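Fold and geometry: a report
These are the residues of each chain, in order.
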Amino acid sequence: MGIIWTIIIGFIAGIIAKFITPGSNEPSGFVLTTILGIIGAFVATYLGQSLGWYAPGQGAGLVGAIVGAVIVLLVWAMISGRRSSV
């Protein structure tokens, strides 16, 4: 059941992050949005555990997943912006 919740939270976080972060180079589609949110949740969990905000084994919630997904989107925009200008 945990993986299903991760996918659901990841999808919701990905959608919200896409609305927060403007840009034309963002990934689209159900699968990419879900992957974006899931990666964002992992990024938020890793950063939170590194900074001592989360205990070991504790994951980030929806807000943390949204923040992580926004970070992933900003990195995506930087990478795709460099690639398209070459």
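Residues numbered from 1 in each chain as written. Predicted model: local features only at pLDDT ≥ 70, side-chain atom pairs only at ≥ 80, totals over all residues. Heavy atoms only, no water.

Here's the deal with the overall build of the protein chain
A tally of helices and strands in the protein chain yields 3 helices and 0 strands. Counted over contacts in the protein chain with a minimum sequence separation of 6, partners at least 24 positions apart contribute 61%. (Helix = DSSP H or I, 4+ residues; strand = E, 2+ residues; numbered from the N terminus. Contact = heavy atoms within 4.5 Å.)

Focus: the nonpolar core
In terms of nonpolar packing, the biggest core is built from 10 residues, these being Ala13, Ala17, Leu36, Ala41, Ala65, Ile66, Ala69, Val70, Val72 and Leu73. Elements supplying a minimum of two residues to this core: α1 (2-20), α2 (30-51) and α3 (62-85). Looking at this core, the element that brings in the most residues is α3, giving 6 residues. (Core = buried A, V, L, I, M, F, W, Y, C linked by side-chain atoms within 4.5 Å. Buried < 20%, exposed > 50% of the residue type's maximum accessible area, 1.4 Å probe, protein only.)

Considerations on a nonpolar patch on the surface
Among the surface-exposed residues, Ile4, Trp5, Ile8, Ile12, Ile16, Ile20 and Leu62 lie close enough to one another that they form a single nonpolar patch of about 600 Å² accessible area. With 6 residues, the single largest contributor to the nonpolar patch is α1. Inspection of the secondary structure puts Ile4 in helix α1. (Patch = residues over 30% accessible without salt bridge, like charges linked within 9 Å, V, L, I, M, F, W, Y side chains within 5 Å. Areas by Shrake-Rupley, 256 points an atom, 1.4 Å probe, with all protein chains shown as cover. Salt bridge = Lys/Arg side-chain N within 4 Å of Asp/Glu carboxyl O.)

Side note on the environment of Phe30
By the secondary structure assignment, Phe30 is in helix α2. For Phe30, a relative accessible area of 54% corresponds to the exposed category. Residues Phe30 and Phe11, spaced 19 residues apart in sequence, show a C-alpha to C-alpha distance of 7.8 Å.

None of this, on its own, says anything about what the molecule does.
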